[in-house]
Amino acid sequence: MKSALRNLTLLLSLLPLVQVHGRRVRNTESNGISVLGDFNHESSFPRFPETIANVTVTVGRDALLACVVDNLRGFKVAWVRVDTQTILSIHHNVITQNPRISLSYNDHRSWYLHIKNVQEADRGWYMCQVNTDPMRSRQGYLQVVVPPSIVDRETSSDMVVLESTNVSLTCKATGYPEPYVMWRREDGENYRYNGENVNVVDGEVLFITKVSRLHMANYLCIASNGVPPSISKRVQLRVQFPPMLTIPNQLEGAYIGQDVALECHTEAFPTSINYWTTERGDMIISGFDNTIAEPRRKNSDKYEAVSMDSGYKKYMMLKIRNVGPGDFGSYKCVAKNSLGETDGVIKLEEIPAPTTVRTTTHFPTMPPKKKGRGRVGGDRLGRGGGVGGGSDLNRVSSSDKTSDDDSNPEYDYDGEFTLPSNRPPAIQDLPGAFSGSAQLPVPCRFLLIALLVLVCLR
């Protein structure tokens, strides 16, 4: 370090620099430029019109430090690394052997120090100085930030633990500034931690006491320090426990010929082997009829065993189609894994089949029609020529109805009507035996009209 400073002093002393007390002098430099001035006046010296801005850059990128000097005249500018006292450049020449450092300038006023592919070792203070006596300088700070990174060798990997034991997940991260580390579930669900339901736990260590199956999930260790990008690592936590079984309905009823479904819910990790058996202990296989003796057993759609997984939970259902007398009894759902075995019994009992109620609609029947010969009396042709209402001509009861034409008018031939002299008499609508939809059959009506025409001709 000291040798570097001595070299810098030597180099600066070799530069053309003349200092005269209170007198104007001419200093002819090697490039032939003459400098006149009164060095006792402040305005005669170089000055820095602005400070050197501090620079923050992400590791691996390029940095640029700028130094602006007014009234430089014949003086020289140098860049120096302060903490290591390393001379980087003098005027137009790069002194350091670091290939990542270069120099540029503009109009003999702006001097730029370039650092490519910045490393953490480049973090620190940099000085821009002018070789006046006394020396004049400005300093700027180069801040090098590093995005977070997770140290795999010091971070937990996937874990498998027994239920009710304690578990500790660790996550180690580096970066600059020092990263902030937190733990959360990958699915975003809350989980039980120190007696509370939480979503995020701060810190490098996630310690869970008496872990349960509810803690089984993928956990994310997330590290961030304000320098993008943030980083995360997934740790899979698996909790082992023996099978546990629940049955919604332990007693089911069905009648002969009905289809019925038996249900069973299980939980286990590692994943259990699940199956159904009859009360005799025979395993039920989908597509086979266990009610048929073994030598005659054949493929059938009698039974259908359905199983659906959801994590460590499993849903079991046994469908029994067309229940017969041999299907009633007990059925057992069984779950096994390496840590244990459990089962549950469902009893299927016969219930009476629902009765069918039949309703019969009765329609009224038409009674036989009364037929008779009508009598036409001459004494009935007086007073308007009406036909006597006392004759039995085509007398029809109120129950004699036809449905040939419901829109036709209803007639009562026992009433009186007027016969015109030159045409058949008009039929008068009167309420009575033919009211409603009751009418004479078509042949009877034609017969009646014919008789009336004969009466008129006489």
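Remember, it's a predicted structure, so these values are computed and weren't measured experimentally. (Residues numbered from 1 in each chain as written. Predicted model: local features only at pLDDT ≥ 70, side-chain atom pairs only at ≥ 80, totals over all residues. Heavy atoms only, no water.)

Caption draft 1: Highlighting a nonpolar patch on the surface. A cluster of nonpolar side chains, Leu-447, Ile-449, Leu-451, Val-453, Leu-454 and Leu-457, forms an exposed patch at the surface whose accessible area comes to about 540 Å². Inspection of the secondary structure assignment puts Ile-449 in helix α2 (residues 442-457). A residue is classified by how much of its surface remains accessible, and Ile-449, at 39% relative accessible area, is partly exposed. (Patch = residues over 30% accessible without salt bridge, like charges linked within 9 Å, V, L, I, M, F, W, Y side chains within 5 Å. Areas by Shrake-Rupley, 256 points an atom, 1.4 Å probe, with all protein chains shown as cover. Salt bridge = Lys/Arg side-chain N within 4 Å of Asp/Glu carboxyl O. Helix = DSSP H or I, 4+ residues; strand = E, 2+ residues; numbered from the N terminus. Buried < 20%, exposed > 50% of the residue type's maximum accessible area, 1.4 Å probe, protein only.)

Caption draft 2: Fine view of the state of the cysteines. Tallied over the full model, the rule gives three disulfides. A sulfur-sulfur separation of 2.0 Å characterises the disulfide bridge that pairs Cys-67 with Cys-128. Here the S-S torsion is close to -70 degrees, and the disulfide linking Cys-67 with Cys-128 is therefore left-handed. In this pair, Cys-67 sits in strand β4 (residues 63-68) while Cys-128 sits in strand β10 (residues 124-130), placing the two residues 61 residues apart along the sequence. With a relative accessible area of 0%, Cys-67 lands in the buried category. The disulfide partner of Cys-171 is Cys-221, and the S-S distance across this bridge is 1.6 Å. Note on the Cys-171 and Cys-221 pair: the S-S dihedral is about -55 degrees, so by sign convention the disulfide is left-handed. One end of the pair, Cys-171, is in the loop between β13 (167-170) and β14 (173-176); the other, Cys-221, is in strand β20 (residues 217-224), and 50 residues separate them in sequence. (Disulfide = S-S within 2.5 Å.)

Caption draft 3: View of the sheet that holds strand β28 (residues 329-337). Reading across the sheet, the five strands line up as β22-β29-β28-β24-β25 and stay open at both edges, with mixed pairing between neighbours. The strands lining the two open edges of the sheet, one partner per strand, are β22 (251-254) and β25 (283-284). (Pairing = 2+ DSSP bridges.)

Caption draft 4: Structural context of the pairing of β20. For β20, the tally of buried residues reaches seven of eight residues, placing the bulk of the element in the interior. Pairing between β20 and strand β21 (residues 231-246): seven bridges, direction antiparallel. Opposite Leu-220, over in β21, you have Arg-234 as the bridge partner.

Caption draft 5: Molecular detail of unusual backbone geometry. With an omega of -5 degrees, the peptide bond between Tyr-176 and Pro-177 qualifies as cis. Checked against the element boundaries, Pro-177 lands in the loop between β14 and β15 (180-185). Of note, the bond from Pro-228 into Pro-229 is cis; its omega dihedral lies within 30 degrees of zero at 0 degrees. Positionally, Pro-229 belongs in the loop between β20 and β21. Non-glycine residue Asn-71 carries a positive phi angle of around 60 degrees. As for its placement among the helices and strands, Asn-71 is situated in the loop between β4 and β5 (77-81). On the basis of relative accessibility, which here comes to 33%, the residue Asn-71 falls in the partly exposed class. Residues other than glycine seldom take positive phi values, yet Lys-210 does so here, at roughly 50 degrees. As for its position among the elements, Lys-210 is in the loop between β19 (205-208) and β20.

Caption draft 6: Geometry of the packing of aromatic side chains. With the rule as written, the count across this model stands at four aromatic pairs. Judged by centre distance (5.2 Å) and plane angle (35 degrees), the rings of Tyr-105 and Trp-111 are tilted. A relative accessible area of 43% means that Tyr-105 is categorised as partly exposed. You can call Trp-111 buried: its relative accessible area is 1%. (Phe/Tyr/Trp six-rings, centres within 6.5 Å; stacked < 30°, edge-to-face > 60°.)

Caption draft 7: Spatial organisation of the nonpolar core. The biggest cluster of nonpolar side chains holds 26 residues, and the ones touching the most others in it are Trp-183, Tyr-191, Leu-206, Ile-208 and Tyr-219. Sorting the residues of this core by element identifies β13, β15, β16 (191-193), β19, β20 and β21 as the ones contributing at least two each. If near-sequence neighbours (up to four positions away) are discounted, Tyr-219 is found in contact with Leu-169, Trp-183, Arg-184, Arg-185, Glu-186, Tyr-191, Leu-206, Ile-208, Lys-233, Arg-234, Val-235 and Leu-237. If you look at the next biggest cluster of nonpolar residues, it comprises 24 residues, including Phe-48, Leu-88, Tyr-126 and Leu-142. (Core = buried A, V, L, I, M, F, W, Y, C linked by side-chain atoms within 4.5 Å. Contact = heavy atoms within 4.5 Å.)

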